[in-house]
Amino acid sequence: MDNSTCVLGNGSSISLWSDRWCGSPLFLHSDAPVLFEEHSVDRLLINGSWDFSRSATYIPASLQVRICSCTIPIVSRPDKRCWDNSPNGELSLKLAYDFKRSRGIPQDRWKMIWNNYIPPSISFMVWRLMHHKMPTDDLWLRRGFSFPSRCSLCGCMDESEQHLFFNCRFALMLWSWLKSMLNLSFSILGWEDIWRILDKDGAVQCKVINLAAVFSLLHTIWFARNKARFNDLKLPISSCVSSIKSSVFLAGNAVSHGSHLNMQDFALIKSFKVTIRPPRAPNIKEVLW
């Protein structure tokens, strides 16, 4: 369980390789064997000390040192599972409800996705991505399907949602281009960085440009992936950049609200060749007293 930690007692209910009882699960360690026999920790405990020869799977020396750092209780007692988000380690119904509710996405995020300036096809794709429902290989593998996986864009790693949209060499080149266009001082490695872009203060037209650029880039990555996988067609980066610019151009020009611009906003709008919407001139009326 990702959000709980096991406190060692007699070891009978703790999985040696899969549970979090001495830090992160042992099978995630770089020295962990690829194939191992799952069993409880108590198999290695003899008279209050560790006996690694009783394990059916060889345990590397680095993992043995890590296991030996765990304190063995003097008095035998049942194992205990502690909830990470609780002050006393106990899981209550209220904490479970609050935890599940906090994982939801705030209402203002949905207003960003579903708006008049973003095409519905792009909004729907981003909505699925935020819910982790895009049919990438890792989703099918989690559902029990078995097949070899490989990223269709770079061919270097297994395809997963995080890799395809943020870590793939193809995606990194597009994010690097967008970083230069938006004059960002940070790299874009996940949703937290995306929200930093979309939450920036600025004119309405600039906010729409940022929104359209980010969402169009995500949609372009998925489009390029499908072209490579189903049509055996590798789209060049220049073609993808042109597609993103076209989407931003249409979204930016659809804004009718005028606003005062600073030099940074002005440079952003001109970089995408969007028509600037200046604020309306004040209507001055003569008043006779």
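Above this text you will find the structure in question.
This section reports on the structure supplied with the text.

Basis of the calculations
- Residues numbered from 1 in each chain as written.
- Predicted model: local features only at pLDDT ≥ 70, side-chain atom pairs only at ≥ 80, totals over all residues.
- Heavy atoms only, no water.
- Helix = DSSP H or I, 4+ residues; strand = E, 2+ residues; numbered from the N terminus.
- Rg over C-alpha atoms; globule rule 2.2 N^0.38 Å.
- Buried < 20%, exposed > 50% of the residue type's maximum accessible area, 1.4 Å probe, protein only.
- Contact = heavy atoms within 4.5 Å.
- Salt bridge = Lys/Arg side-chain N within 4 Å of Asp/Glu carboxyl O.
- 1 Å grid on protein atoms, 1.4 Å probe; cavity = no way out; pocket = protein on both sides within 12 Å on 5 of 7 lines; lining within 4 Å.
- Points joined across faces, edges and corners; volume = space filled by probe spheres on them.
- Nonpolar A, V, L, I, M, F, W, Y, C, P; charged D, E, K, R; others polar.
- Core = buried A, V, L, I, M, F, W, Y, C linked by side-chain atoms within 4.5 Å.
- Arc of directions from axis to C-beta.
- Polar contact = N/O pair within 3.5 Å; in protein donor to acceptor, adjacent residues only side chain to side chain.

A word on the overall build of the protein chain. Counting its regular elements, the protein chain contains eleven helices and four strands. Taken over the C-alpha trace, the protein chain has a radius of gyration of 27 Å; the compact-globule value for 289 residues is 19 Å, which it surpasses by more than 25%. Dimensions of the protein chain, computed from C-alpha atoms along their principal axes, come out at roughly 100 × 60 × 30 Å. Scored against the burial criterion, the 289 residues of the protein chain give a buried share of 41%. Here the analysis covers contacts within the protein chain between residues at least 6 apart in sequence; of these, 56% occur between residues at least 24 apart.

It is worth spelling out the pattern of salt bridges at this point. Following the criterion strictly, the structure yields eight salt bridges and no others. One salt bridge connects D19 with R81, and the closest N-O pair in it is separated by 3.7 Å. Here D19 is found in the loop between β1 (4-7) and β2 (45-46), whereas its partner R81 is found in strand β4 (residues 80-83), with 62 residues between them in sequence. Among the charged side chains, a network of salt bridges with common partners joins D137, E159, R225 and R229.

What follows concerns the layout of surface pockets. Put simply, the second largest pocket is a space of about 180 Å³. Every element with two or more residues in the lining of the second largest pocket is listed here: α9 (204-230) and α11 (263-271). When residues in the lining of the second largest pocket are grouped by element, the largest group, four residues, is from α11. A class-by-class count of the residues in the lining of the second largest pocket yields five nonpolar, five polar and four charged.

Here we take up the nonpolar core. W175, F215, L218 and F272 are the most contacted members of the largest nonpolar core, which has 59 residues in total. Listing elements by their share of this core, those giving two or more residues are α3 (107-113), α4 (120-130), α6 (161-167), α7 (169-181), α8 (191-198), α9, α10 (237-253) and α11. Examining the composition of this core, we find that 14 residues originate from one element, α9, more than from any other. Excluding its chain neighbours within four sequence positions, the residues that come into contact with F215 are M112, I113, I118, I122, V126 and L198.

On to α11. Looking at α11, one finds that the buried residues are D265, L268 and I269. Taken down its axis, α11 places every buried residue within 95 degrees of arc, on the same side. Of the residues that open α11, the one with a side-chain oxygen 3.1 Å from the backbone nitrogen of Q264 is N262. The first or second residue beyond α11 is K273, which carries a positive phi of 60 degrees.

Taken residue by residue, α4 has I122, S123, M125, V126, L129 and M130 as its buried positions. The buried residues of α4 occupy one face: seen down the axis, they fall within an arc of 165 degrees. Looking one or two residues beyond α4, the residue adopting positive phi is H132, at roughly 60 degrees.

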